[in-house]
Amino acid sequence: MMRIIDSRPLLDAFLGALRPAAGRAAQVTGAPPVLAIVRAAENAGSAAYAARIRATAAQAGITCHEVPLDTRMDGTALCAQVAAVSATPGVNGMIVLLPLPAGTSVPQVMAQMDPDKDVDCQQPLNLGRVMAGTPLYLPCTATAAVMLAQGMLGDLAGVNCAVIGASASVGRPLALQLLDRGATVEIVHIRTRDIADHARRAQVIFAAAGHAGLVDGAWVSPGAVLVDIGINADPTGRPGVVGDINAAAVAQQAAAITAVPDGVGPMTTGILLANTVHAASRQAGVDFTYPDLTTLAAYQALRL
Ligand SMILES: Nc1nc(=O)c2c([nH]1)NC[C@@H]1CN(c3ccc(C(=O)N[C@@H](CCC(=O)O)C(=O)O)cc3)C=[N+]21
């Protein structure tokens, strides 16, 4: 029987462990940590994420400011907006949600952020720190995916992992985070010949292609662990989001799969909020360490 992993109990425990740290920063600055959200295009995934962040921030003792959505901005206007939000006193951390409007340069927009406020880890200096194996802020989605895989398997050293998707925001930082934990990583992508053949050789498949139901039964070997990172609009038009893995089609082979919703998504929000507390603490000169997952019962309960 394939186990379906629901991360919500882990998120609750994680935020509970984070809250005292948010309180310590607030004690020094006189206000809770502030996270600013910038969104410049309509998109199911980014709308879902903005809603999740808004709904979760208070639980961690964080104030959330959403910059009003303006879909008419060109690259120049968006760069100016991002720079202005970054320069706003009192904003400790910020996230610029993807996708950006067609024709705007993602690296150029992300470069407008002060690296100390880039809690989504997209600014070039922060991406470079991830590349070097010395991240300042944890790349949110990648770290969430690795945490769930590590919770299920314990240790990723020497484990064969396939990362499906090579984006700068997820696939690449994910591959590096896995490498840092000693995994053997293959990145497969839209130009890969016979993706199914590569995927079948993996003990853990991380699906981050942004394509609803892409991974089916023929891609999965018996006992494989599946981490579904996709957040897609339901192609049948039903409300809500669906992942990159066709869960019904893999149920006979896989040992476990992370749920969509309620899998990687909630923990992604948790890491973003933890990075925000980290940012506020740094800026206030207060010590900060990320909550230790291994002590949490909800983390231990993930183990297969
Ligand atoms: N700069 C940037 N960084 C991102 O990390 C980023 C982004 N842009 N653009 C959009 C995607 C998408 N994304 C989600 C994360 C969590 C949920 C989430 O928690 N979803 C709930 C369900 C929400 C619902 O059902 O509406 C869940 O999975 O349980 C959703 C979407 C982050 N993204």
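Note that this is a predicted model, so its numbers are computed, not measured.

1. Some details on the side chain of S221
Piece 1. With respect to the helices and strands, the residue S221 is situated in the loop between strand 7 (204–207) and strand 8 (225–228).
Piece 2. For S221, the side chain forms a polar contact with the main-chain oxygen of R200, separated by 3.1 Å.
Piece 3. Among residues more than four places away in sequence, those in contact with S221 are R200, A202 and Q253.

2. A closer look at helix 2 (residues 44–57)
Piece 1. In this model helix 2 runs 20 Å from its N-terminal to its C-terminal C-alpha over 14 residues, within 8% of the 20 Å that 1.5 Å per residue would give.
Piece 2. Those residues of helix 2 not exposed but buried are G45, S46, Y49, A50, I53, T56 and A57. The buried residues of helix 2 occupy an angular sector of 145 degrees when the element is viewed end-on, so they sit on one face.
Piece 3. Where helix 2 is buried, its residues touch helix 1 (8–29), strand 2 (34–38), strand 3 (63–66), strand 4 (93–96), helix 6 (140–153) and helix 10 (264–284).
Piece 4. Between the side-chain oxygen of the N-cap and the backbone nitrogen of G45 there are 2.9 Å, and the N-cap of helix 2 in question is N43.

3. Here's the deal with the sheet that holds strand 8
Piece 1. In spatial order, the strands read 1-11-8-7-5-6; together these 6 strands make up an open sheet with parallel pairing. Edge positions in the open sheet fall to strand 1 (3–5) and strand 6 (184–188), since each of these has one partner strand only. Shown here is a sheet whose adjacent strand axes are inclined to one another by a mean of 15 degrees, direction ignored.
Piece 2. Pairing analysis gives 4 bridges linking strand 5 (residues 160–164) to strand 7, with the strands arranged parallel. Paired with C161 across the strands is V204, a residue of strand 7.
Piece 3. Across the sheet, helix 7 (residues 171–180) is in contact with strand 5, strand 6 and strand 7; its angle to strand 5 comes to roughly 170 degrees.

4. Some thoughts on the site of the ligand
Piece 1. As a structural note, the neighbourhood of the ligand is formed by 17 residues, with Y49, V96, L98, D120 and D262 the closest of them.
Piece 2. Contact between the ligand and T141: an oxygen atom at 3.4 Å from a side-chain N or O atom of the residue.
Piece 3. Within the backbone of G265, an N or O atom sits 3.4 Å from an oxygen atom of the ligand.
Piece 4. In the complex, 83% of the free accessible area of the ligand, which totals 670 Å², lies under the protein chains.
Piece 5. In a pocket analysis with a 2 Å cut-off to the grid points, the ligand is assigned to the largest pocket.
Piece 6. Secondary structure elements with two or more residues in the shell around the ligand: helix 2, strand 4 and helix 10.

5. Concerning the sheet that holds strand 3
Piece 1. Within the open sheet, the 3 strands sit side by side as 3-2-4. Their pairing is parallel. Each having just a single partner strand, strand 3 and strand 4 make up the two edges of the open sheet. Taken pair by pair, the neighbouring strands of this sheet meet at an average axis angle of 20 degrees, ignoring direction.
Piece 2. By the bridge criterion, 4 bridges tie strand 2 to strand 3 in an arrangement that is parallel. Of the residues in strand 3, the one forming a bridge with L35 is C64.
Piece 3. Seen against the sheet, helix 2 touches strand 2, strand 3 and strand 4 and runs at an angle of roughly 150 degrees to strand 3.
Piece 4. The strands that helix 3 (residues 75–86) touches are strand 2 and strand 4; relative to strand 2, the one it contacts most, it runs at about 175 degrees.

Scoring rules and cut-offs
Residues numbered from 1 in each chain as written. Predicted model: local features only at pLDDT ≥ 70, side-chain atom pairs only at ≥ 80, totals over all residues. Heavy atoms only, no water. Helix = DSSP H or I, 4+ residues; strand = E, 2+ residues; numbered from the N terminus. Polar contact = N/O pair within 3.5 Å; in protein donor to acceptor, adjacent residues only side chain to side chain. Contact = heavy atoms within 4.5 Å. Expected span 1.5 Å × (residues − 1). Buried < 20%, exposed > 50% of the residue type's maximum accessible area, 1.4 Å probe, protein only. Arc of directions from axis to C-beta. Pairing = 2+ DSSP bridges. Axes fitted to C-alpha atoms, helices over the stretch in contact; angles between N-to-C directions. Near = heavy atom within 4 Å. Areas by Shrake-Rupley, 256 points an atom, 1.4 Å probe, with all protein chains shown as cover. 1 Å grid on protein atoms, 1.4 Å probe; cavity = no way out; pocket = protein on both sides within 12 Å on 5 of 7 lines; lining within 4 Å. Sits in = over half its atoms within 2 Å of the grid points.

By themselves, these observations are geometric and do not establish any function.
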